[in-house]
Amino acid sequence: GVIGLIFGIQLELDKILRFPSRYILMTFTQAICTMLVVFWPFYFVLEGIFGGDSQSILLASLVLAATAACTAQTALALIHREFGLRGARVMELLRYMSSVDAVVGLLALQIALCLMQVQPVLGIHLGSGFQWFALSMVVGGTTGFLLHLLTRVRCSDEELLIFVLGMAVFSGGIALSLKLSPLFVNTLMGLVVANLPGSRNRIFHLLARVEKPFYVVFLILAGAIWRPASPWGLPLAILYLGLRLIGKVSGGYLAARIAPESSRPPLTVGLGLISQGGIAIAMVMNYYQLSSARLTDVVVTTVLVAVILNELASPFLART
């Protein structure tokens, strides 16, 4: 929940809209292309290996596709320090894409979880998945507005941190009890707070200070749930790495073709989007919490191995 809140509070719409409108189209193009390249092969591969429950296979394939869409900025930060590319247009574009493309993955994950719900919210089976998606929007929006009201109270930073973490746990707990994504719901909560006037800058700076300790604890928890027992984990991780690389490169190529020729980035711009960080791990942990299928551990292993290898390879690919 806290990871979702940290991500959501960075999505200030006025800052996002300052950039050329084609940036958002380019970002969604490469993210959706990557998801499609990963989803279809994995759906057929998992069905061939595990068979049986088609719903679990569909959910696992969508989770893998959603995590593949996400990009971290770690490699870009290394390249920036090495070459000092603050003013470079291609760096501006890569930073924009890596900041926003996780939205596509989060939407895909939440839609997948909503489609897996058995009972409708309103007792009417027509549009059951849409009902659950609307409920998640209501929960995220309402808790975001409540947090906004709480932060208008004059208080110390320590008290504000209690308010913020308390609302993150409260909102995430509601989502988990409804078998929705705490990550998505709390991202919505952060998005609401980020775009309402008030203490958003204070919350942003407060979360920026605690972000690194939270990620350390979060990664320890990710390691604690990791049970790489299946022999299929490593082969599937290698397949995932290859498909994600193809998806990012081909998606980056399509995105670059959208830009006018006078300001077109390199057609290999997708090589700068290989780094894959915390949001992808949060998605797979979210899936682990909500799924009890026999291929859950295989999906967790696939993503965690791929994240480690992508972090090792991404600086070299970004330099290229």
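To start, this report covers the structure provided alongside it.

Rules used in this analysis
Numbers given for residues are sequential positions, taken from 1 along each chain in its written order. At least 70 in pLDDT is required for a residue's local features to be given in this predicted model, at least 80 for side-chain atom pairs to be given and counted, and no such filter applies to totals for whole chains, interfaces and linings, which use all residues. Note that water and hydrogens are dropped before the side-chain values are worked out from all heavy atoms of the structure. Only DSSP runs of H or I covering at least 4 residues are called helices, and only runs of E covering at least 2 are called strands; the numbering of each starts at the N terminus. The size measure is the radius of gyration over C-alpha atoms, and the globule rule it meets is 2.2 Å times the number of residues to the 0.38 power. Accessible surface is estimated by sampling points in the Shrake-Rupley manner with a 1.4 Å probe; for residues, cover comes only from the protein chains shown. Two residue types count as positive, namely Lys and Arg, and two as negative, namely Asp and Glu; His and chain ends fall outside the count. Charge placement uses NZ in Lys and CZ in Arg. For Asp and Glu, CG and CD serve respectively. Helix span, expected: 1.5 Å multiplied by one less than the number of residues in the helix. Exposure is judged per residue with a 1.4 Å probe applied to protein chains only, and the accessible area is read against the type maximum: over 50% gives exposed, under 20% gives buried, and values in between give partly exposed. Definitions used throughout: a 1 Å grid over protein atoms alone; a cavity as a set of points that fits a 1.4 Å probe which cannot get out; a pocket as an open set with protein on both sides within 12 Å along at least five of seven lines; a lining residue as one with an atom within 4 Å of a point. Grid points are joined across faces, edges and corners, and a volume is the space filled by probe spheres set on the points. Residue polarity is assigned by list, with Asp, Glu, Lys and Arg as charged and Ala, Val, Leu, Ile, Met, Phe, Trp, Tyr, Cys and Pro as nonpolar; anything else, Gly included, falls into the polar class. Patches draw on residues past 30% relative accessible area with no salt bridge. Two like charges within 9 Å are joined, as are two nonpolar side chains (Val, Leu, Ile, Met, Phe, Trp, Tyr) within 5 Å. When a carboxyl oxygen of Asp or Glu is within 4 Å of a side-chain nitrogen of Lys or Arg, the pair counts as a salt bridge. Here, nonpolar core refers to any group of buried Ala, Val, Leu, Ile, Met, Phe, Trp, Tyr and Cys residues whose side-chain atoms link them within 4.5 Å. Residues count as neighbours in contact if any of their non-hydrogen atoms are within 4.5 Å of one another.

Secondary structure assignment for the protein chain yields 14 helices and zero strands. From first element to last, N terminus to C terminus, the protein chain shows the α and β order α-α-α-α-α-α-α-α-α-α-α-α-α-α. Expected size for 320 residues packed as a compact globule is a radius of gyration near 20 Å; at 19 Å, the protein chain falls within 12% of this value. By principal-axis analysis of the C-alpha atoms, the protein chain measures approximately 55 × 50 × 40 Å. Carbon and sulfur atoms form 69% of the exposed surface of the protein chain, whose accessible area is close to 14700 Å². Within the protein chain, one finds 21 positive and 14 negative side-chain charges whose respective centroids are separated by 5 Å.

A rise of 1.5 Å per residue sets the reference length of helix 7 (residues 102-115), with its 14 residues, at 20 Å; its end C-alpha atoms lie 20 Å apart and thus fit the reference within 8%. With ten of its 14 residues buried, helix 7 lies for the most part within the structure. Among all positions of helix 7, only Ala-102, Val-104, Gly-105, Leu-106, Ala-108, Leu-109, Gln-110, Ala-112, Leu-113 and Cys-114 are buried.

Further remarks concern the layout of surface pockets. As a volume, the largest pocket reaches approximately 1400 Å³. Forming the walls of the largest pocket are 41 residues, and the residues nearest its centre are Gln-10, Gln-73, Ser-98, Ser-99 and Glu-211. Of all the secondary structure elements, the ones that give two or more residues to the lining of the largest pocket are helix 1 (2-8), helix 2 (13-16), helix 5 (74-83), helix 6 (89-100), helix 11 (200-225) and helix 13 (278-290). Considering every element that reaches the lining of the largest pocket, the biggest residue donor is helix 11, with ten residues. Per-class residue counts for the lining of the largest pocket are 22 nonpolar, eleven polar and eight charged. Volume-wise, the second largest pocket comes out at about 500 Å³. What lines the second largest pocket is a set of 20 residues, and nearest its centre among them are Gly-1, Val-2, Phe-218, Met-285 and Gln-289.

The subject of this paragraph is a nonpolar patch on the surface. The grouping of Ile-32, Leu-36, Trp-40 and Phe-44 at the surface amounts to a nonpolar patch, some 430 Å² of accessible area in total. Note that Phe-44 resides in helix 3 (residues 21-50).

Taken as a whole and judged by the stated rule, the model has seven salt bridges. Taking the shortest distance from any N to any O, the salt bridge between Arg-200 and Glu-12 comes out at 4.0 Å. Of this pair, Arg-200 sits in helix 11 while Glu-12 is found in the loop between helix 1 and helix 2, placing the two residues 188 residues apart along the sequence. On the basis of relative accessibility, which here comes to 23%, the residue Arg-200 falls in the partly exposed class. For Asp-157, the salt bridge identified is with Arg-209, shortest N-O distance 3.5 Å. One end of the pair, Asp-157, is in helix 9 (residues 157-177); the other, Arg-209, is in helix 11, with 52 residues separating them in the sequence. For Asp-157, a relative accessible area of 33% corresponds to the partly exposed category. Take Arg-209: its relative accessible area is 54%, and that puts it in the exposed class. Through salt bridges with shared partners, a single ionic network connects Glu-12, Lys-15 and Arg-200.

Here we take up the nonpolar core. With 81 residues, the main nonpolar core has Phe-42, Leu-46, Leu-64, Met-283, Leu-295 and Val-299 as its most contacted residues. The contacts of Val-299, once residues within four sequence positions are left out, are Ala-60, Val-63, Leu-64, Val-284 and Tyr-287. In this structure, Val-2, Ile-6, Met-189 and Ala-194 belong to the second largest nonpolar core, which totals 17 residues.

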